[in-house]
Amino acid sequence: MDMFLLEAAINGLLLAGVLALLTLGLNLIFGVIDVVWIAYADLVMCGMYAVYWLFAVYGWPLPLAFAVSVLGVAALGMMVHVLIIAPILSSAPINQLLATGGLLYFLQSFATLLFTTDFRNIGVRLPIIEIGGIYISYSRLLAFGVALVGATALYLFLKRTYIGTAIRAIAQDREIIGLMGVDQRRIYLVTSAIGGALAGLGACLLALQYDVHPFIGNTFGPLIFMICVLGGLGNMIGGFVAAFIISQIIAIGGYYFSTELSYVLAFMLFIVLMFIRPQGIVGR
Amino acid sequence: MNARRIGALTGLGVLLALPFVTPAYFLHLLIQILLWGFIYTAWSTMGRFGLVSLGHGAFMGVGAYVPALLWNYYDVTPWLGIPLGIVLSALLGLIIGYPCFRLKVVGHYFALVTLALGQVVLLSIVAARDITGGSLGMTPRSIGHSWYALQFPEKGYFYAIALLVWLGGLLVWRWIDRGIGREALEAISDDEEAAAAVGIDVTREKLRVTVISAALTALGGALFGQYLMYLNPESVSGIGVSLQIVFAAIAGGMYAMLGPTVGALLTIALTEGLRVWFGANFVGAANAIYGILLILFVVFMPRGILGWFEMARRPRAGPAPAE
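Everything numeric here is computed off the predicted structure, so don't read it as measured data. (Residues numbered from 1 in each chain as written. Chains lettered and ligands numbered in written order. Predicted model: local features only at pLDDT ≥ 70, side-chain atom pairs only at ≥ 80, totals over all residues.)

Q: Please clarify how the interface of chain A and chain B should be interpreted in this entry.
A: It is common to give the size of an interface as the accessible area lost on bringing the parts into contact. Each partner contributes residues to the interface: chain A has 38 residues there, and chain B has 39 residues. For the side of chain A that touches chain B, the elements supplying multiple residues, two or more each, are helix 4 (93–115), helix 8 (216–230) and helix 10 (259–276) of chain A. If one sorts the elements of the side of chain A that touches chain B by residue count, helix 4 of chain A sits on top with 16 residues. Looking at side-chain class alone, the side of chain A that touches chain B contains 30 nonpolar, seven polar and one charged residues. (Contact = placed C-beta atoms within 7 Å. Helix = DSSP H or I, 4+ residues; strand = E, 2+ residues; numbered from the N terminus. Nonpolar A, V, L, I, M, F, W, Y, C, P; charged D, E, K, R; others polar.)

Next comes the structure, spelled out in structure tokens:
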């Protein structure tokens, strides 16, 4: 088998980890609160800037910078819910989508205003591992590992804790849950915070691999949405599977054609799948 | 009604007289307002019926790049290239619209499909960098003042074209607004199942406005390319453009004929005002304010500025917003 193809496939697999993590966050918010945060990838951008400033500019230790960034984006997620989503919770879904579209616009422009359009790198160079002629970057491997740990932690939280159970219950039936003595508003707030924290975690992992600039959300934001919808909005396992499929298409398509064409391929596949399986690839 | 007609005629007279009295800079702004107003109006022809497209950049991109590429590589006059771009864009609308409407892809699923469509066109233009210049953009070959090439260094000509096209857009909007299809489309956006049950051909009605919207948007994109003499994938097909279209149409009010134009006036006045006040090192400020306004509009004024005024004037006139 072609070595470079194998390398592309492995890199695709590693990329899938981070994408799956972000998909989980978006899916959680969609499944529980029933809104689509179009600006989700831009929360990731905010997190990446936080890592950059805390670590590269102010010289904080990296783990501390990571922790503060995750908490910061989690707080941002709560703010998004309180300030934007909560007032229009009962209006048409498309209005909620547009309001978060406004947030996307705001975050990108505000970042341009504050940080200009320069590409910034946190300047951490992790080694590259060679296994039998295949080169794998350590930062990707780390990102993949952390993404899996994060996903598992989320799974355990949802399965083992009271709030987690309430969150799953609300995703199943939001009418009846009030009768069971669960405070919906609190659950929504917690969910938004977790969604934000996952975006923050994704930001830390992406900051190790990519330069941050105000429009970085545009490069993988549509991708996360696509993965989310492909997996079936609100379906976490589906999102996980879809993340791996899409990353493979992009990695292997990028190997055979070009990066842009592989994205085109992925988006076209998404459009077609929306027609034939709108409930997602692993939906019921 | 008569007062309205007099008002419209006076407004038209002012618009016709403007190029003779305004400096070139304001003429440039006016052309942009009219062209964007036209594109926003085009978006509203489907947006007002609950068909929210987040991918109108796709239609703009096809409309702008097809005539420019044909002109640069095959010397085909834009008089043929632009109609071809419009036809291709309408076809794209048809190809995406038909399965969407047939298979009942609605609401935010429809929005996400159109978002993906915008990405497909954007990335295709970037990927074909050998002929389109990729992210660096392209310049239509300039031959000076020419009707054949539809190139006019003199701004007055483009002002006349923009004014004509904008008026045409308003006429199309009015035609849809007054036609029988409007009732059908409003019924569909209220309750698709019920509309189908009373014998409305849901797919056909939706396709009609989608194709019209796609075609008009392509024309707008083509004229922008001809006017600015520079095309860039991000600035015709990017997510930013697609969202800007949605925002301006909503801010101005997509349920009123002049609403989208008011949106264009507002956005361009805001951008230029901030640019003049704060200088070029304050890039992003205008867009940041747009973003906040978009959120506020959706939360507090989903009918837009003009819609809000109309509601305030006649509190219980007309049906509730299509949402």
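Next comes the rest of the description.
Q: Is there a simple way to think about the packing of helix 3 (residues 62–85) of chain A against helix 7 (residues 184–209) of chain A in this case?
A: Each pair of packed helices can be summarised by the angle the axes make with each other and by the distance between the axes. All names here are of chain A. The N-to-C vectors of helix 3 and helix 7 enclose an angle of 140 degrees; their axes lie 7 Å apart at closest approach. As judged from the angle between their axes, helix 3 and helix 7 are oblique. Crossing handedness for the pair helix 3 and helix 7: right-handed. Contacts between helix 3 and helix 7 pair F66, S69, V70, G72, V73, A74, L76, G77, M78, V80 and H81 from the former with Y188, L189, S192, A193, G195, G196, A197, A199, G200, L201, A203 and C204 from the latter. Grouping the constituent residues of the contact of helix 3 with helix 7 by class yields 15 nonpolar, eight polar and no charged. (Axes fitted to C-alpha atoms, helices over the stretch in contact; angles between N-to-C directions. Parallel < 35°, antiparallel > 145°, perpendicular 65-115°, else oblique. Left-handed = near helix turned anticlockwise from the far one by under 90°.)

Q: Would you mind showing me how to read the pairing of strand 2 (residues 134–137) of chain A here?
A: Along any regular strand the residues' side chains alternate between the sheet's two faces. Here strand 1 (residues 128–131) of chain A pairs with strand 2 of chain A via four bridges, running antiparallel. Following the sheet pairing, I128(A) is matched in strand 2 of chain A by S137(A). (Pairing = 2+ DSSP bridges.)

Q: How should I be thinking about unusual backbone geometry in this particular structure?
A: Glycine aside, residues mostly have negative phi angles, and peptide bonds mostly take the trans form. Residues and elements named next belong to chain B. For D75, which is not glycine, the phi torsion reads 60 degrees and is therefore positive. Position of D75 relative to the elements: it lies in the loop between helix 3 (56–74) and helix 4 (78–102). Its identity is not glycine, yet L150 carries a phi of approximately 55 degrees, on the positive side. Looking at the secondary structure, you find L150 in the loop between helix 6 (129–132) and helix 7 (155–178).

Q: Honestly, the environment of R185(A) in this entry has me stumped. Any pointers?
A: You can see R185(A) is positioned in helix 7. Overall, the presence of 11 C-beta atoms within 10 Å leaves R185(A) in the exposed class. (Buried ≥ 20, exposed ≤ 12 C-beta atoms within 10 Å, placed from the backbone.)

Q: Would you explain the nonpolar core in this entry?
A: Taken as a class, soluble globular proteins show a tendency for nonpolar side chains to be buried jointly. Residue and element names in this part refer to chain A. Core analysis: the largest hydrophobic core is formed by 202 residues, its most contacted members being M48, V51, I224 and M226. If one sorts the elements of this core by residue count, helix 1 (residues 3–33) sits on top with 15 residues. The residues touching M48, leaving out its near neighbours within four places in the chain, are A203, L206, A207, V212 and I216. (Core = buried A, V, L, I, M, F, W, Y, C linked by C-beta atoms within 7 Å.)

Function cannot be inferred from these measures alone, as they are strictly geometric.
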